Amino acid sequence: MYALRGAISVEENTETAIIQATKELMRKTLEENDLKEDDLVSIITSATDDLDKVYPGKAIRELGLELTPILCLQEMKVENSSAKMIRLLIHVDGHKDKQDVKHQYLKKAEKLRPDLLD
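Per an unreviewed UniProt entry, the protein chain is named chorismate mutase, and its organism is Halanaerobium hydrogeniformans. The UniProt entry for the protein chain carries the following comment under Catalytic activity (unreviewed entry): "chorismate = prephenate".

Caption draft 1: Structural detail: the environment of S46. On the secondary structure map, S46 appears in strand β2 (residues 40-47). According to the relative accessible area criterion, S46 is buried, its value standing at 10%. As a C-alpha pair, S46 and L89 span 43 residues in sequence and 8.7 Å in three-dimensional space. A distance of 2.4 Å separates the side chain of S46 from the side chain of E75, its partner in a polar contact.

Caption draft 2: Representation of helix α1 (residues 15-32) within the structure. For α1, built from 18 residues, the straight-helix expectation of 26 Å at 1.5 Å per residue is met to within 8% by its first-to-last C-alpha distance of 26 Å. By the burial criterion, the buried members of α1 are A17, I18, I19, A21, T22, K23, L25, M26, T29 and L30. Check the buried side of α1 and you find it contacts β1 (2-9), β2, α2 (56-62), β4 (85-92) and β5 (104-106).

Caption draft 3: Expanded view of the UniProt feature "binding site: prephenate" (unreviewed entry) in the protein chain. Taken from the UniProt record, the annotation "binding site: prephenate" (unreviewed entry) applies to R5, R87 and Y105. Taken together, the annotated residues stretch across 101 residues yet fold into one region, lying no more than 8.9 Å apart by C-alpha. Residue placement: R87 occurs in strand β4. Overall, R87 belongs to the buried group, its relative accessible area being 14%.

Caption draft 4: Molecular detail of the pairing of β1. Across the eight residues that make up β1, a large majority, six, are buried. Pairing of β1 with β4 involves eight bridges; the strand directions are antiparallel. When the sheet's bridge partners are listed, Y2 is paired in β4 with V92. The sheet contact formed by β1 and β5 spans three bridges and is parallel. Bridge pairing links I8 to L106 in β5.

The rules behind the values
- Residues numbered from 1 in each chain as written.
- Predicted model: local features only at pLDDT ≥ 70, side-chain atom pairs only at ≥ 80, totals over all residues.
- Heavy atoms only, no water.
- UniProt positions renumbered as here; feature names shortened; annotations may be inferred.
- Helix = DSSP H or I, 4+ residues; strand = E, 2+ residues; numbered from the N terminus.
- Buried < 20%, exposed > 50% of the residue type's maximum accessible area, 1.4 Å probe, protein only.
- Polar contact = N/O pair within 3.5 Å; in protein donor to acceptor, adjacent residues only side chain to side chain.
- Expected span 1.5 Å × (residues − 1).
- Contact = heavy atoms within 4.5 Å.
- Pairing = 2+ DSSP bridges.

Now the structure itself:
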């Protein structure tokens, strides 16, 4: 088993914006790592406390991922941390060397892991 991480910023606290951003992040993560639902063990999502209109898990279900367990959490509040951020932790049934995993940090979330940028 291995894990994938990702994050994306959201422009506004609306159901539409949260759903769109979560879908974009999830699609990109699955695509870049050549994954299907059968490969997934579980997904943990977190959102900063300024995003409270919908659970990110709803967007993942709308993508057709019906059988994978999803847990939605509120991100720990830390002084001066990034606002309006959704994060993913995806557990994958398989083996991949850590250097071959393609974590995804999109939009303003790029600043969270500049070491992963090409």
